[in-house]
Amino acid sequence: MGARTNSNVDMRTYKSKLGQRRYINYSSEALDEALLKVVNGELSLRKASKQYNIPYGTINNKFHGVHIRKMVDKQH
């Protein structure tokens, strides 16, 4: 018995609609503004997350400096 091939089957390509992204659905300006308000004490991390529609973990990580590349001065 021979193996079946799918050469006659068309594969469907799906396109997501605008605003349906599950990642980075906010601008860097909105993130900067939210962080500024958190640093100045105007908003908590949780309230900034809700108000600017940015994931809490993202604001928390940026606020606490997680995942920031450290600049090392290599002068000897």
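Notes on the structure follow. Since this is a predicted model, take the numbers as computed values, not measurements. (Residues numbered from 1 in each chain as written. Predicted model: local features only at pLDDT ≥ 70, side-chain atom pairs only at ≥ 80, totals over all residues. Heavy atoms only, no water.)

**Section: unusual backbone geometry**
No. 1: Even without being a glycine, Asn53 presents a positive backbone phi close to 55°.
No. 2: By secondary structure assignment, the location of Asn53 is in the loop between helix H2 (45–52) and helix H3 (56–64).
No. 3: Given a relative accessible area of 61%, Asn53 falls into the exposed group. (Helix = DSSP H or I, 4+ residues; strand = E, 2+ residues; numbered from the N terminus. Buried < 20%, exposed > 50% of the residue type's maximum accessible area, 1.4 Å probe, protein only.)

**Section: H2**
No. 1: For H2, the complete set of buried residues consists of Leu45, Ala48, Ser49 and Tyr52. Projection of H2 onto a plane perpendicular to its axis shows the buried side chains occupying an angular sector of 105°, all on one side. Opposite the packed face of H2, turned more than 90 degrees from it, sit the exposed residues Lys47 and Lys50.
No. 2: Residues of H2 that are buried in the fold lie against helix H1 (28–39) and H3.
No. 3: Backbone geometry just downstream of H2 places Asn53 in the positive-phi region, at approximately 55°. (Arc of directions from axis to C-beta. Contact = heavy atoms within 4.5 Å.)

**Examining the nonpolar core**
No. 1: Core analysis: the largest hydrophobic core is formed by eleven residues, namely Ala30, Leu31, Ala34, Leu35, Val38, Leu43, Leu45, Ala48, Tyr52, Ile54 and Ile59.
No. 2: Sorting the residues of this core by element identifies H1 and H2 as the ones contributing at least two each.
No. 3: In terms of residues, this core owes the most to one element, H1, which gives five residues.
No. 4: Those residues in contact with Ala34, other than ones at most four positions away along the chain, are Ala48, Tyr52, Ile54 and Ile59. (Core = buried A, V, L, I, M, F, W, Y, C linked by side-chain atoms within 4.5 Å.)

**Focus: the packing of H1 against H2**
No. 1: Following both chains from N to C, one finds H1 and H2 inclined at 150°, their axes separated by 10 Å at the closest point. One element, H1, and the other, H2, form an angle in the roughly antiparallel class. As for the relative orientation of H1 and H2, their crossing is right-handed in sense. Counting all contacts with H1, which are made through Ala30, Glu33, Ala34, Lys37 and Val38, the residues of H2 involved are Leu45, Ala48, Gln51 and Tyr52.
No. 2: Taken together, the residues of the contact of H1 with H2 sort by class into six nonpolar, one polar and two charged. (Axes fitted to C-alpha atoms, helices over the stretch in contact; angles between N-to-C directions. Parallel < 35°, antiparallel > 145°, perpendicular 65-115°, else oblique. Left-handed = near helix turned anticlockwise from the far one by under 90°. Nonpolar A, V, L, I, M, F, W, Y, C, P; charged D, E, K, R; others polar.)

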